Structure formats: structure tokens, C-alpha cells
Amino acid sequence: MQALKVLSTEEKEALDSPRISTDFTQSDYLGKVYIESYGCQMNFADSEVVTSILINKGYGTTSNISEADTILLNTCAIRDNAENKIRHRLQAFKAIKAKKPDVTIGILGCMAERLKTKLIEEEKLVDLVAGPDSYRDLPNLLDQIENGQKAINVFLSKEETYGDIEPVRLHSNGVGAFVSIMRGCDNMCSFCVVPFTRGRERSRDLVSIIHECTTLFNQGYREVNLLGQNVDSYHWNNPDSNETVNFAQLLAHTAQIHPDLRIRFSTSHPKDITDEVLHTMARFENICKNIHLPAQSGNNRILELMNRTYTREWYLDRIKSIRAILGEDCGISHDVIAGFCSETEEEHQDTLALLTEVQYDFGYMFTYSERPGTPAAKKYPDDVPDDVKSRRLSEIIDLQRKHSGIRNERLIGRIEKILVEGNSKKSDKHHYGKTDSNKVVVFPKGTEQIGEYVYVKVLSCTTGTLIGELVNS
Ligand code: SAH
Ligand code: SF4
Ligand code: F3S
């Protein structure tokens, strides 16, 4: 295992240097912005960057759409239905625009990047289109609209990481926060639109990541979620020492900020996750023992067509390492696509068998949706009928539900360390929080505060939630 790099004096000084401030009390003389976010956690994190950029230029924010002067939708293009949702949402804005013709409607994010000017041509309501790397330009784009023009910037950058911008935590309960550590993706899985919508992979500098996490801890946050499409290929070249920091080293640095700061991360790519990362997780109690390791399929021919660059055997070997290094309790979740081009019934069975072999705690499961311009759309016909895709998906979901139940039941009788995140949705007499392995636990309130750690004995469970009671540690 590589030795930990100690921060240089310059890096330590940089940690204390000023960053863009995000004081909520700033004026809103340029009007109020309302922002709605769709898609993955990266998009949610980006909306927090966008808000910071706009507040610092003199915009205010509102969570009430009818008060807004500018409405921004931060969009996802991963599947057809994600885009349809946005088209549908835009229809609802017609009434708003009819009442308030001056309101600006902007589309940000992956759908903006994918469709570019088409979006302005097809959706007459849309005034602004801005891709994921052009958010610093938003104030200028909004100025253009003031002058009566439509505005568009879909330039993809090889460097932009927004590393110097302190996000405004829109999507936080005050306990956990998203921290983006890299952008883009170089993997070119054949089904995936992300390399086209988010561009080339680039890693954010370690110094700004540690600064952001330290600031969050000092503000009372107790969990950071490090985000990237492929966190295991994080690599940052320190210009001072000429050394490269990898993901395992980044994790170790983050874990050392404070033992009470929990560290989570996603997404891990099976081809890149190393034993060094797993050993680093084992070394630090505050790095949560949970890994999201998308499989996509359990069949080698399909994995090859998907250009995932690993085999079922390789994937299972990684699972074996996770279990060997982190133990049986480590949470493991997956993504799976049902009905990829030319997938046969037997190949689908291989996916079900993979699920049974691994016994995941949780899964995100989808039917294949052809994305125009991707390698799969160009090379392979989308030939599995919709009803077959849906049936295969139901089988996958049913099996996963069963496994989630089994994995939850194992914890009955155990005492788990929980970070209290808030009131239970169903009852304000209960708190909820998460185990290290990312399972939600609901328990009757004691004297604990949100953001504190407690010990809870698990008494029962459903397939989605553990139910427990407080115990003295
Ligand atoms: N970077 C992550 C995934 C990001 S997209 C990784 O490599 O695993 C999140 C998930 O959406 C993917 O894991 C995949 O399961 C699903 N997905 C992506 N493109 C899709 C498509 N065209 N149709 C259906 N599901 C898709
Ligand atoms: Fe898409 Fe593959 Fe990149 Fe994940 S690793 S974002 S699935 S191209
Ligand atoms: Fe969607 Fe873009 Fe994320 S396509 S899943 S919002 S990277």
C-alpha cells in the first residue's frame, strides 16, 4: 500500500484562502431564481454550484416557483423517460409564462448538452440552454436574455471542476453533503450518454476537496458523499510535488479530517476499484462500509457489447475482495440494465444468477433505453421487445427485493452505530438515520439531536428499512 502524502505548507495555506462566499442574506436585485434538479447526485451537486454562482452575482433564490423571475431545470438525459419528464414539465410552465411573460426559462445539465440548439428550436418556451461545464457563464447568458436574445453555451471543458466554488447546500438536511471530486467520464460504455453530455474525465484538486470537507465539518455536517462517475480513476497531479494522488489516498486524507466525519462515495467502476481502496476503507472506521458497484449484466457477451471492459468473473473477483477485506457486513449495491440489445433469455438468467450469487443489499434497476448517438445506438438494434424488457426487469426487481430483505434480516439483534439524520417521514416521535452500510434505521426518539451518533439495536425490518431502539453505547 502506498504511504499517505502529508499536505505541504502551500496546500495547508490554500485550505485557508478565501473562496467565493455564499451568504444567503445577499440582495436579489437581479431577481429570484428557482431551480429544479433531476437525474443523479452529480446534477444535484451542480445545482448547488449554479446557485452559488448566481447568488454571488446578485440573484436571490426562491423555493416558490410563482415568485421566480428565472426558472432553471437541471436535467438528465440518461434514459428516454428522464427527458420525457422534462418535456412534460415544460408544458406546465406555459401557464406561468402566459401570466408572467418576462420570466426566463433555462435548461441546464445533460439534456441541454445533448440537444443543444434543438432544445430552443423545439421548445419555444426555453430562453436559455447551458451545459454542465458552462455554469460560470450563466450570469452572462442571463444578461443576453435581458437584451431580448436567446442564450446558449454548451461548450465542454477539459479542465472545469468548479473546485473554487463553495456550493450552496440546497439538497442537504444539514447532516450530509455532496462533494464533487471529478467530472465527466472517459469510459464509453456503449449504452451511455454521459460521456457525450459531461465530456472528458477530469479530477478536482485535492486541496479544494479537503477544504470543502473541512468547512462542512466545521459547519456541523457529519457526512460527505464524494461524487464522480468513476471515483476509482480519480487522479490529481500535485503541481508542487509532482506526485499523483489516487482515490485511495484521497479517501485517506478525507477520513483524517475528523473521526466523526463519515465518508461515502459513488460510483465505483468494477474495472478500476483496487484492493488499495478496500484496504483504506478497512483502515478508517469513518469511511462507510458500503460500495455501489454497478454490474449492468451478469453475462459476458452482453458485458462485451456494453463495452464495460470486465467479465462476470472479474466482477465476482472484486466482490470476493470486498468480502475478504471489508467483511460480510459491507453493504454492496448495483445497477442493472434489463433487455440490452440482443439479450437472450439465458443471458437474462445469467444476470439473475449474478444477483443470487452476490446477494446485494440494494439495486437500481432499469430497462434499456436507446440513446441517440451512443455506440450501442449506432451498432446494435434495440431489438428486445418492450414487454420482454419489462418482464425481465420485474424478475430482477423481485429477486433484488428478496435479497434486500435477507440482507436486512441478518442485522436483527445487532447494535449499529447510526448518524441521526432527521425526523422519520411517518412519525415525528421517531428519528431516522443510516448504518455504516447505508441502511435506513427508524427508532423512537430519545434525547439525541440530529447530527449526533447513537447506537441502535435492530429489532425488525422491512425490505427497505430497519426498525430499532436506542441502546447505551
Ligand atoms: N457511472 C456509473 C453510472 C452512471 S449512469 C457507472 O459506470 O456505473 C447510472 C446508471 O444508469 C448506469 O449504471 C446504468 O445502469 C443506467 N443507464 C445508463 N444508460 C442507460 C440506458 N441507455 N438505458 C438504461 N439504463 C441506463
Ligand atoms: Fe456511463 Fe459507463 Fe461512464 Fe458510467 S462508466 S457514466 S455507465 S460511460
Ligand atoms: Fe443523468 Fe447526466 Fe447524471 S445524464 S444520470 S444527470 S450525469
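Residues numbered from 1 in each chain as written. Chains lettered and ligands numbered in written order. Predicted model: local features only at pLDDT ≥ 70, side-chain atom pairs only at ≥ 80, totals over all residues. Heavy atoms only, no water.

Q: Run through the sheet that holds strand β6 (residues 151–153), naming residues and quoting values.
A: Taken together, the six strands give an open sheet; going across it, the order is β2-β1-β3-β4-β5-β6, and neighbouring strands pair in parallel fashion. Each of the sheet's edge strands pairs with one partner strand only, and the pair in question is β2 (60–61) and β6. Here strand β1 (residues 32–37) pairs with strand β3 (residues 70–75) via five bridges, running parallel. Its bridge partner being in β3, E36 is matched across the sheet by L73. Sheet strands touched by helix α3 (residues 80–99): β1, β3 and β4 (104–108). Its angle to β3, the strand with the most contacts, is close to 175 degrees. (Pairing = 2+ DSSP bridges. Helix = DSSP H or I, 4+ residues; strand = E, 2+ residues; numbered from the N terminus. Contact = heavy atoms within 4.5 Å. Axes fitted to C-alpha atoms, helices over the stretch in contact; angles between N-to-C directions.)

Q: Tell me about the UniProt feature "domain: MTTase N-terminal" (unreviewed entry) in the chain, residues and numbers included.
A: In the numbering used here, UniProt assigns the "domain: MTTase N-terminal" (unreviewed entry) feature to residues 31–147. Overall, residues 31–147 shows 50% helix and 19% strand. The separation of its end C-alpha atoms is 15 Å. (UniProt positions renumbered as here; feature names shortened; annotations may be inferred.)

Q: Can you lay out the site of ligand 3 for me, pointing to particular residues and giving the numbers?
A: C40, N43, C76, A77, I78, C110, V194, R198 and Q229 make up every residue found near ligand 3. Its residues placed into classes, the shell around ligand 3 shows six nonpolar, two polar and one charged. If you count residues domain by domain, the shell around ligand 3 takes at least three from each of domain 1 (4–153) and domain 2 (176–409). (Near = heavy atom within 4 Å. Nonpolar A, V, L, I, M, F, W, Y, C, P; charged D, E, K, R; others polar. Domains from an automatic or database assignment.)

Q: Talk me through empty space enclosed by the protein; I want residue IDs and the actual numbers.
A: On inspection of all chains with the given rule, the structure shows three cavities of 30 Å³ or more. There is about 80 Å³ of room inside the largest cavity. Along the wall of the largest cavity there are 15 residues; nearest its centre are V49, P167, S180, R204 and E212. Only α2 (41–57) and β7 (176–180) provide two or more residues apiece to the lining of the largest cavity. Looking at the lining of the largest cavity element by element, the count peaks at four residues for α2. In terms of residue class, the lining of the largest cavity is made up of seven nonpolar, two polar and six charged. Composition of the lining of the largest cavity by domain shows at least three residues from each of domain 1 (4–153) and domain 2 (176–409). (1 Å grid on protein atoms, 1.4 Å probe; cavity = no way out; pocket = protein on both sides within 12 Å on 5 of 7 lines; lining within 4 Å. Points joined across faces, edges and corners; volume = space filled by probe spheres on them.)

Q: Help me get a handle on the site of ligand 2, residues and values and all.
A: The full set of residues close to ligand 2 is C185, N187, M188, C189, F191, C192, V194, P195, Q229, H269 and R308. For the shell around ligand 2, the residue count by class is seven nonpolar, three polar and one charged.

Q: I'd like to hear about the UniProt feature "domain: Radical SAM core" (unreviewed entry) in the chain, residue by residue, with values.
A: Mapped onto the present numbering, the UniProt feature "domain: Radical SAM core" (unreviewed entry) falls on residues 171–407. Helix makes up 41% of residues 171–407 and strand 18%. Its end C-alpha atoms lie 29 Å apart.

Q: Residue-level account of the sheet that holds β7, with values.
A: Strands sit in the order β7-β10-β13 across an open sheet of three strands; the sheet is parallel. Each end of this open sheet is capped by a strand with a single partner; those strands are β7 and β13 (262–266). When the angles between neighbouring strand axes are averaged without regard to direction, this sheet yields 25 degrees. Judged from the five bridges that link them, strand β10 (residues 223–227) and β13 form a sheet pairing that is parallel. The residue of β13 that forms the bridge with E223 is R262. In this fold helix α9 (residues 247–255) packs onto β10 and β13, with an angle of close to 155 degrees to the strand it touches most, β13.

Q: Can you lay out the packing of helix α8 (residues 206–218) against α9 for me, pointing to particular residues and giving the numbers?
A: Put simply, α8 and α9 touch, their axes get as near as 10 Å, and they point 30 degrees apart. Overall, the two elements α8 and α9 adopt an arrangement that is roughly parallel. In the crossing of α8 with α9, the sense of the turn from one axis to the other is right-handed. Touching L206, I209, I210 and C213 of α8 are L250, H253 and T254, all from α9. For the contact of α8 with α9, the class distribution of residues is five nonpolar, two polar and no charged. (Parallel < 35°, antiparallel > 145°, perpendicular 65-115°, else oblique. Left-handed = near helix turned anticlockwise from the far one by under 90°.)

Q: I'd like to hear about helix α15 (residues 386–409), residue by residue, with values.
A: Three- or four-residue spacings in an α-helix give side chains the same orientation, since the helix completes a turn every 3.6 residues. Taking 1.5 Å per residue as the helical rise, α15 with its 24 residues ought to reach 34 Å, and the 34 Å between its terminal C-alpha atoms agrees with that figure. Those residues of α15 that sit buried are V388, K389, R392, L393, I396, L399, Q400, H403, S404, G405, R407 and N408. In this structure, the buried side of α15 is in contact with α12 (312–326), β15 (331–338), α13 (345–358), β16 (362–367), β20 (453–461) and β21 (465–471). (Expected span 1.5 Å × (residues − 1). Buried < 20%, exposed > 50% of the residue type's maximum accessible area, 1.4 Å probe, protein only.)

Q: Before we move on, can you summarise the packing of aromatic side chains with the specific residues and values?
A: Counted under the stated rule, the structure contains seven aromatic pairs. Plain terms: the ring middles of F340 and Y380 are 6.4 Å apart, the flat faces sit at 75 degrees to each other, and that makes the pair edge-to-face. One end of the pair, F340, is in the loop between β15 and α13; the other, Y380, is in the loop between α14 (375–379) and α15, with 40 residues separating them in the sequence. Three or more aromatic residues joined by ring pairs make a cluster, and in this case those are F191, F340, Y368 and Y380. (Phe/Tyr/Trp six-rings, centres within 6.5 Å; stacked < 30°, edge-to-face > 60°.)

Q: Just give me the short version of the nonpolar core, but keep the residues and values in it.
A: Ranked by size, the top nonpolar core spans 56 residues in total, and within it L226, Y234 and F247 carry the most contacts. Counting residues per element, this core draws most heavily on α8, at seven residues. A68, I86, V103 and L119 belong to the second-largest nonpolar core, a separate cluster that totals 21 residues. (Core = buried A, V, L, I, M, F, W, Y, C linked by side-chain atoms within 4.5 Å.)

Q: Tell me about the environment of C76, and name the residues and values.
A: Residue placement: C76 occurs in the loop between β3 and α3. Residues C76 and I86 lie 10 residues apart in sequence; the distance between their C-alpha atoms is 8.5 Å.

Q: An account of the pairing of β16 is needed here, citing residue identities and associated values.
A: Note: β15 against β16, six bridges, orientation parallel. In the strand pairing of β16, I337 is matched with F366. In the classification by handedness, the crossover that spans β15, the intervening α13 and the parallel β16 is right-handed. (Right-handed = clockwise from strand over helix to strand, strands pointing away.)

Q: Can you lay out the side chain of H292 for me, pointing to particular residues and giving the numbers?
A: Secondary-structure assignment places H292 in strand β14 (residues 290–292). Accessibility expressed as a relative area gives 9% for H292, which makes it buried. One polar contact links H292 to S333, side chain to side chain, over a distance of 2.7 Å. (Polar contact = N/O pair within 3.5 Å; in protein donor to acceptor, adjacent residues only side chain to side chain.)

Q: Run through the pattern of salt bridges, naming residues and quoting values.
A: If charged atoms from side chains of opposite charge come close, those side chains can pair. In total, this model carries 37 salt bridges according to the counting rule given. With its nearest N and O atoms 3.0 Å apart, the salt bridge here joins R414 to D329. Here D329 lies in the loop between α12 and β15 and R414 lies in the loop between α15 and β17 (415–423), a separation of 85 residues in the sequence. Here R414 falls in the partly exposed class, since its relative accessible area comes to 26%. Here D329 falls in the partly exposed class, since its relative accessible area comes to 36%. Shared partners join several salt bridges into a network, and the residues in it are D46, D133, R183, R198 and R202. (Salt bridge = Lys/Arg side-chain N within 4 Å of Asp/Glu carboxyl O.)

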